[in-house]
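In case you want the letters, here they are:
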Amino acid sequence: MPWFDSRIASSSGGPLDDENAELEWLLEATRQRLFGASSAPSMIGRYFVIQRLGAGAMGTVYEAFDRMLERRVAVKVLRRHLPSSYAERFVREAQALARVSHPNVVQVYEAAEYEGLTFIAMELVEGRTLEKWCAQDSRPGWRACVEIYLQAGAGLAAAHEQGLVHRDFKPSNIMIDARGRVCVLDFGLARAASESLLPSLDPTESKPELGPSESSESSGSMVDLRLTETGCVMGTPAYMSLEQMRGEPVCALSDQFSFCVALYEAVYGERPFAGRSLQDLHQQLRGGAVRAAPAGHKAPTQLRAILRRGLAPRPEQRWPSMAVLLGQLRSLVKPRRRRWPTVVTLSVGVVLGAVGVTSWVRSDLRCTGSSTALERVWNPTRREQVRQAWDQQEPSPFWLEVESELDHYAQQWIEAHQGICEATRITREQSEAVMDLRMICLGERRQHFEAAVQALARRSAEQDAQSPNKALTLVWELPGLSLCDTVDQLRAQQQRVPPPVDPSTAAAVEEQRERLAQVRSEQTLGRYAHALAQLSPVVERARVLGYGPLQAESILLRGSLSDDDGRYADAERDLLEAHILALEHGDLAVATQAARRLAFVVGVRQDRYAEGAVWAKIAIPLAMYSEVTEERVKSMTTLGSILSDQGHYADAHTWLQRAIELGEAELGAGDPSVLGIVARMGRLLLEQGRYAEAERMYERALDATIEIHGGEHPKVAVALLDMSTVLTQQARHEQAEGMLRRAARIQERLLGPDHPELAMTLDGLAASLMNQGNSEAEAAALFERTYQMYVRAFGSEHRRVAASLYSLARMHSLDGEPERARRRHEQALQIRERVLGPDHPDVARSLNSLGLVIQRQGQCAQARSLFVRALEIQRRALGDEHPSTGLSQNNLASADECEGAYERAAHGYQQALRTWERALGKEHPYVSVALVELATVRLALGEPAVARAHAERAISILEGAQEPPKRLAKARFVLARALWSEPSQRARARRLALAARGEHAHASKVDAWLAEHPVP
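Computed from a predicted model, the values in this text were never measured in an experiment. (Residues numbered from 1 in each chain as written. Predicted model: local features only at pLDDT ≥ 70, side-chain atom pairs only at ≥ 80, totals over all residues. Heavy atoms only, no water.)

Draft legend 1. Region of the structure containing the overall build of the chain. A count of helical and extended segments in the chain gives 43 helices and eleven strands. The burial tally for the chain puts 56% of its 1016 residues in the buried class. Looking at the chain as shown, the accessible area adds up to about 42100 Å², and 50% of this sits on carbon and sulfur atoms. (Helix = DSSP H or I, 4+ residues; strand = E, 2+ residues; numbered from the N terminus. Buried < 20%, exposed > 50% of the residue type's maximum accessible area, 1.4 Å probe, protein only. Areas by Shrake-Rupley, 256 points an atom, 1.4 Å probe, with all protein chains shown as cover.)

Now the structure itself:
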């Protein structure tokens, strides 16, 4: 019997003939010897008790033998005197645990009741606790501790996925067996995340009871910080989060805190908070006062940064989930690819002969200087400079993430440097020439890293009041280190772009590249004017040096800065020159970026779609040839966006889907650039009226963003704003309002009260309130506030200011102030004509909106002239099959109807109907707009049967589209009027009119009609 314990065999008294009888006799004898005759049941259901393993407030755990499956198990028996509610929770715990099938979580086999005893049978884990493992004579190193706790964390994460919160995670509740498998035990305190807590553990009311590790001279309220409290808060105070100690609701983030305390203790030999009593501990937790690392420890600074975030006082400041935390920890013990690789425009072979780069590379043949090589760039002094520059007086989610990413990049760089050196000097796996090639690649990345740190340390309150979130983008966009491992690609780039022959020229080129790295950092932080001023001498110096690749890089950067600064003509000129120069000198990376940026500037910024699509189609094969995955993804996305703006939705969907699939395969599903494409796909689906699919896309982007950044982050606010748009289109205005208010709170707290991104959110919130017909005063105040915010941020001549004026005009129209609405629309039109030119599609949008206001004032001919001009602009810019062209056709038909030209109006509405059907599909809500107008005109022409067919079809579309109720009301009222000509349909006609009355924009007209058409 392999399960047989030697301690039992020694007490057996000899073998018997029948093995089963012998087994029962042995178990009974052992039970009596260990526990006494009545201390434990000899049998619990199908389980024979062998011995007691431990006891607690909830019950006792026994080692037992499962007679049915012939295996040893652990049986946990609930105490009899506990209330029945405890037994119910006990069983629910077992049921929840049974759903967790994970090697690092104790496996539950059965939960049942036997002779009044409630029990759970589970896996018997033999070994030692992590508490004892850490206390062994030869204390484990930091790497071993992280690797062991990664297993424990994986088990905890698996439990969280099933909605379980452990509540008492600590080293003594984790076992490691002889094979090295780690298993999380004792979920006896576990509860579903939705369940409430017991009363708080108030340190001011704790009894003065010394713990085993406390001195008798300690003062204050004392408790044993290592023992689980009973009768109050569930958990062990030494490992408790602040919210758990206070008796507040706990969640998976509370377990994360306990996990970080335990791992910190394992690595550093002491717990992170220095409280000697519960009262002291509570105070330390409130302040987030993590101890300084003990002298002489060898753990990397990145590990401490990761743990510090998990130990943050407030749950929202911690890592978004255990999965994200574990990913950060894994990167320390197993080098991984950067999560956000980016295109590197530096040509790796250019500075091969430059003394400045190679001198530090070859300075130490023993491969011991990797940390020293980066010490000047990232050190405690630089860390403090950056922290102070960004006004981080206390840890915040924003600063902790920036600091963590900087630490992570530095650690990866050091490990890469060490590995490259050892591959040549120690293991002899590569030649000196290959080492030089790879080290130069690392040197370029160090330039970018140093430039980013310097830019962050130079933060100006005036320049950056609107851009704290850009600091994190700057860190994410640091060039990936994985390219330095692609020797063939590095060698091919060196051959295509050979370095200057003259050493002094090579050194000068390297110096200018360092300045380019600084300019890029300023650009990412949004300091465009400052970046352009820094760049001008570099461009001039590149021309003087006559080295073509450097000229191409500097002009490409100037073009991208001009794009960011809204000077699109300048951007187009520079990007074209950079593209040609790069091709002449074989620099495919620069040529690809220039082509892709040209596609965006020409096709998206300036609405020259056909030209933009050509440039995107040039960029895609260039990116494939240069093997730069992210550029391929971006180029595909740009092409998809251009096609979408043209109204070519099927083709746009194809390219965006390709970009998503490639990005997920090569960059990862959580890569921010991939999430951006997912959101762009959501917008495309929204434009097509595919609201459910669009909502799924936006929801995916939102969930992933929260998973990466936590619930309080500027990128989460953007995702919430996107989500609100699809909710608004489905008339789910209250939900949209909730998301917009949440986004506004995040942005106002993290970005400040005048940030343009906040203005966009507030504008959406005002529109949501207006759509609901609620809080009109608040909506008006918000529209006015966003207008002033845009003026302060961009000046009075900006396209966003024009968009804000449009929103104000819409508000005035609804308030019954047509003259104010007209003035606002005229202001917006003038700005767009001056800034964008007279033939821009945004000008057409203003012409349409102004025309509708004028038409409602009875000036039909003047409105018609505006609609004609809008239609001409859109046909030239967008083509005859774009949805916006259909809108102008629809508006022009309404002007004909206003003038009483019903036949001409019917023809116009029919054109709009065909345009929308071709562009959007026959079930799109826009199609219903044309159908309702056609029905109205056909009624005016005395054709009720034709009107009825159009109205019936419109209603069938609207009832399935979750459109605003007023549109459906209008369609129903038109159908009611069409049906009245048929006596058998008059009862239905009145029902339809009555149903429409409550939501119709002109309820008085419905009332008048009902009065004139009494019940038959």
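Draft legend 2. The arrangement of the state of the cysteines in detail. Applying the stated rule across the entire model yields two disulfides. The residue that forms a disulfide with C441 is C484, at a sulfur-sulfur distance of 2.1 Å. What sets the handedness of the C441 and C484 disulfide is the S-S torsion sign, and at about -80° it is left-handed. In this pair, C441 is assigned in helix α15 (residues 432-457) and C484 in the loop between α17 (469-476) and α18 (487-496), connecting sequence segments 43 residues apart. The exposure classification of C441 matches that of C484, with both residues buried. Note that C860 is cross-linked by a disulfide to C898, the S-S spacing being 1.7 Å. Of the two residues, C860 sits in helix α36 (residues 860-878) while C898 sits in helix α37 (residues 883-898), which places them 38 residues apart along the sequence. Judged by its relative accessible area of 10%, C860 falls in the buried class. Cysteine C134 remains unbridged, with the sulfur of C145 as its closest cysteine sulfur at 5.0 Å. (Disulfide = S-S within 2.5 Å.)

Draft legend 3. Spatial organisation of the environment of E123. Mapping E123 onto the fold places it in strand β6 (residues 117-123). Separated by 62 residues in sequence, E123 and L185 place their C-alpha atoms 9.8 Å apart. Here the side chain of E123 touches R181 through a polar contact of 2.4 Å, side chain to side chain. (Polar contact = N/O pair within 3.5 Å; in protein donor to acceptor, adjacent residues only side chain to side chain.)

Draft legend 4. How the structure looks around the pairing of strand β3 (residues 59-66). Along β3, seven of the eight residues are buried, which leaves the element largely enclosed by surrounding structure. The pairing of strand β2 (residues 47-55) with β3 spans seven bridges and is classified as antiparallel. Each residue of the ladder has a partner; that of G54, found in β3, is V61. With eight bridges joining them, β3 and strand β4 (residues 71-78) adopt antiparallel strand pairing. Among the inter-strand pairings, A64 is bridged to a residue of β4, identified as V73. Once β3 ends, the chain turns through four residues before running back antiparallel as β4, passing E70 with a positive phi of about 50°. (Pairing = 2+ DSSP bridges.)

Draft legend 5. Expanded view of the pattern of salt bridges. Here the structure, examined in full by the defined rule, presents 63 salt bridges. The partner of R513 in a salt bridge is E553, with the nearest N and O atoms 2.5 Å apart. With R513 in helix α19 (residues 503-524) and E553 in helix α21 (residues 548-564), this pair connects stretches of sequence that are 40 residues apart. Residue classification places E553 among the buried positions, given a relative accessible area of 1%. For the salt bridge of E899 with R904, the shortest nitrogen-to-oxygen distance reads 3.5 Å. The class for E899 is partly exposed, based on a relative accessible area of 37%. Accessibility expressed as a relative area gives 41% for R904, which makes it partly exposed. Put simply, D563, D564, R597 and R605 are held in one network by salt bridges that share partners. (Salt bridge = Lys/Arg side-chain N within 4 Å of Asp/Glu carboxyl O.)

Draft legend 6. The arrangement of the packing of helix α20 (residues 528-545) against α21 in detail. For the pair α20 and α21, the least separation of the axes is 9 Å and the interaxial angle reads 155°. Of the possible angle classes, the one that applies to α20 and α21 is roughly antiparallel. Judged by the sense of rotation from one axis to the other, the crossing of α20 with α21 is left-handed. On α21, the residues that touch Y528, A531, L532, L535, V538, V539, A542, R543 and L545 of α20 are L550, Q551, S554, I555, L557, R558, L561 and D564. Its residues assigned to classes, the contact of α20 with α21 comprises twelve nonpolar, two polar and three charged. (Axes fitted to C-alpha atoms, helices over the stretch in contact; angles between N-to-C directions. Parallel < 35°, antiparallel > 145°, perpendicular 65-115°, else oblique. Left-handed = near helix turned anticlockwise from the far one by under 90°. Contact = heavy atoms within 4.5 Å. Nonpolar A, V, L, I, M, F, W, Y, C, P; charged D, E, K, R; others polar.)

Draft legend 7. Main features of the pairing of β6. The element β6 is extensively covered by neighbouring structure, given that seven of its seven residues are classed as buried. The loop that links strand β5 (residues 108-114) with its antiparallel partner β6 comprises two residues; one of these, E115, has a positive phi angle of about 50°.

Draft legend 8. Representation of unusual backbone geometry in the model. Phi at R167 takes a positive value of approximately 80°, unusual for a residue other than glycine. As for its placement among the helices and strands, R167 is situated in the loop between β8 (164-165) and β9 (174-176). Exposure remark for R167: the relative accessible area of 2% places this residue in the buried category.

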